[in-house]
Amino acid sequence: MNQEKLELVADFYEFTMSNGYFSKNKNDIAYFDVFFRNVPDGGGYAIVAGLEQIIEFIQNLKFDEDDIEYLRKQNMFSEEYLNYLKDFKFTGDIWAIPEGTVVFPNEPLITVRAPVSEAQLLETMLLLIINHQSLIATKTARIVRAAQGRPVMEFGARRAHGVSAAIYGARAAIIGGAVGTSCTAASEKFHVPASGTMAHSWIQSFDNEYEAFKAYAELYPNNGTYLIDTYHTLQSGLPNAIKVFDEVLKPQGIRPVAVRLDSGDLAYLSKKVRVILDEAGYPDCKICATNALDENLISSLIEQDAKIDLFGVGENLITAKSDAIFGGVYKLAAMEKDGKMIPKIKISENVEKITNPSFKKVYRFYSKETNYALADVIMLKNEKEPEGEYEIFDQYNTWKRKKLHNYYVKELQEKIFENGKLVYKQPTIKEIVEYTKKQLGTIWEEIKRLENPQKYYVDLSKKLYDLKTKLLNQKQV
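The present account deals with the structure reproduced in this document. This is a predicted model, so every value here is computed, not measured. (Residues numbered from 1 in each chain as written. Predicted model: local features only at pLDDT ≥ 70, side-chain atom pairs only at ≥ 80, totals over all residues. Heavy atoms only, no water.)

## Details of the nonpolar core
Link 1 in the chain: Counting residues in each nonpolar core, the largest one holds 135 residues, and the members touching the most others are Ile 110, Val 112, Leu 122, Tyr 226, Phe 245 and Leu 277.
Link 2 in the chain: Among the elements that line this core, the one with the most residues is helix 6 (residues 123-147), at twelve residues.
Link 3 in the chain: Contacts of Leu 122, omitting those with residues within four sequence positions, involve Glu 14, Phe 57, Ile 58, Leu 61, Phe 90, Ile 94, Val 112 and Tyr 330. (Core = buried A, V, L, I, M, F, W, Y, C linked by side-chain atoms within 4.5 Å. Buried < 20%, exposed > 50% of the residue type's maximum accessible area, 1.4 Å probe, protein only. Helix = DSSP H or I, 4+ residues; strand = E, 2+ residues; numbered from the N terminus. Contact = heavy atoms within 4.5 Å.)

## Side note on unusual backbone geometry
Link 1 in the chain: Despite not being glycine, Ser 358 shows a phi value in the positive range, around 80 degrees.
Link 2 in the chain: Position of Ser 358 relative to the elements: it lies in the loop between strand 13 (340-343) and strand 14 (360-367).
Link 3 in the chain: A positive phi is found at Asn 406, a non-glycine position, where the angle reads about 50 degrees.
Link 4 in the chain: Locating Asn 406 in the fold gives a position in the loop between strand 17 (401-404) and strand 18 (407-411).

## Side note on the layout of surface pockets
Link 1 in the chain: When its volume is computed, the largest pocket comes out at roughly 760 Å³.
Link 2 in the chain: Taken together, 29 residues form the lining of the largest pocket, with Asp 394, Lys 455, Tyr 456, Tyr 457 and Val 458 sitting closest to its centre.
Link 3 in the chain: Within the residue set of the lining of the largest pocket, elements represented by two or more residues are strand 16 (390-393), strand 17 and strand 21 (458-460).
Link 4 in the chain: The element that contributes the greatest number of residues to the lining of the largest pocket is strand 21, accounting for three residues.
Link 5 in the chain: Put simply, the second largest pocket is a space of about 540 Å³.
Link 6 in the chain: Counted by class, the lining of the second largest pocket contains seven nonpolar, nine polar and five charged residues. (1 Å grid on protein atoms, 1.4 Å probe; cavity = no way out; pocket = protein on both sides within 12 Å on 5 of 7 lines; lining within 4 Å. Points joined across faces, edges and corners; volume = space filled by probe spheres on them. Nonpolar A, V, L, I, M, F, W, Y, C, P; charged D, E, K, R; others polar.)

## Looking at the environment of Ser 195
Link 1 in the chain: Within the secondary structure, Ser 195 sits in the loop between helix 8 (184-190) and helix 9 (200-204).
Link 2 in the chain: Using a relative accessible area of 17% as the deciding quantity, one classes Ser 195 as buried.
Link 3 in the chain: Taking C-alpha positions, Ser 195 is 36 Å from Asn 106, a pair spaced 89 residues apart along the chain.
Link 4 in the chain: With near-sequence residues (within four places) excluded, Ser 195 lies in contact with Met 153, Phe 155, Gly 180, Thr 181 and Ser 182.

## Considerations on empty space enclosed by the protein
Link 1 in the chain: Scanning the model with the defined rule gives five cavities of 30 Å³ or more in all.
Link 2 in the chain: Around the largest cavity, the lining residues are Asp 33, Phe 35, Asn 106, Pro 108, Glu 352, Ile 354, Thr 355, Asn 356 and Lys 360.
Link 3 in the chain: Classifying every residue of the lining of the largest cavity by side-chain character gives three nonpolar, three polar and three charged.
Link 4 in the chain: Here the second largest cavity defines a volume of roughly 60 Å³.
Link 5 in the chain: Lining the second largest cavity, in full, are Val 39, Pro 40, Gly 43, Gly 44, Tyr 45, Thr 138, Arg 142, Arg 145, Ile 447, Lys 448, Arg 449 and Leu 450.
Link 6 in the chain: Broken down by element, the lining of the second largest cavity gets its largest block of residues, three residues, from helix 6.
Link 7 in the chain: Of the residues contributing to the lining of the second largest cavity, the split by class is five nonpolar, three polar and four charged.

## Remarks on the packing of helix 6 against helix 13 (residues 295-303)
Link 1 in the chain: The N-to-C vectors of helix 6 and helix 13 enclose an angle of 5 degrees; their axes lie 8 Å apart at closest approach. Compared by their axis directions, helix 6 and helix 13 come out roughly parallel. Note on element contacts: helix 13 touches helix 6 through Glu 295, Ile 298, Ser 299 and Ile 302, opposite Lys 139, Arg 142, Ile 143, Ala 146 and Ala 147.
Link 2 in the chain: A breakdown of the residues in the contact of helix 6 with helix 13 according to their chemical character gives five nonpolar, one polar and three charged. (Axes fitted to C-alpha atoms, helices over the stretch in contact; angles between N-to-C directions. Parallel < 35°, antiparallel > 145°, perpendicular 65-115°, else oblique.)

So this is what it looks like as structure tokens:
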């Protein structure tokens, strides 16, 4: 990640609050949780992504003289605090759920334990990174699911919301299940496949379509996907492509890779194109579809028995157009003074905005018989690992209860930083992709369906529920 001035990518209040904490509460330790409240698009699950860039940001977080001088000119910060920033280095602890994990609302994706003046300064960048990449990874997973095993390529760089959104959105798309990206920078940076076909402008630049296809075949004989809708798909594009296959590729013993449809009735055209390709002796030539696709259109195409083998998805993926907010928040959960833990809670008339207090952990329960995930339970950090019969219950409708048997559990968060030092072995992007596939394989199909998914249980332990209830009942002044 480009570190240029990222240290100032923070809401201004983070600096004013940090300065205030530094002046009044220098030795207090804070616990902050990053979590989200709702799955985008009404989905049943999300996929967390972005931890690698958070690690990189924290390891490189420092303030130079230009930063200090800018803050000084605001006439709001003490010189003692500005001197503190000159030598700033993160010294706290961080726990996080690994990238590619299937996650659900209200679970702490990241927990920061650090001097409060430090912890406050991380808020914007942690949220910016987690919100963006988790959003795109989740959207991609929906699109990949809709494709039902057909490869999905990320083609959205030109429509992304800026350079970083294109590069890191592509990374998140790969984690979510895309097989390649059109973004060359992302391909080079993250060692993932680069995908691309040909442009309409290439075809238009030649005297005719045949000459354009012929030149392309001569240049890229083993890697050609031919765009056949520049003029007329069935009357011009496809016949010219087949002519080039016969005259240029076939004599060399080379088979065409694919043709691409970018406009028109994709279901109808793909069926016609498939028949013609098969009759011409090219049943192995694949049909690629693009043109403002998303999970809903892809599902519709497959329901219509469209003969499409792979999809290139652009703006609707890279911008998560249908629901472009992940909604992650950064909330104080506890303070530590003189070694004593003091749980904190945010109360709101909007029930969904009431936070879960204290230092916590999350266990996922798996069936020993099927290895499917049964439920998640958020617990206090000092609680023992569940064993034997365990009863879960809905914190809002406590009469809804279920007893779990014959299970095993896994704690979701892992230690990332300890006393400011990285203690986590970072996986490669390839390892994250494989991990994501395994994670999705543990989730029931009913939870993964695109419409009206079954709700997954995320409950509180009895001790955490009792603590939360106690704090809610206390008089707040």
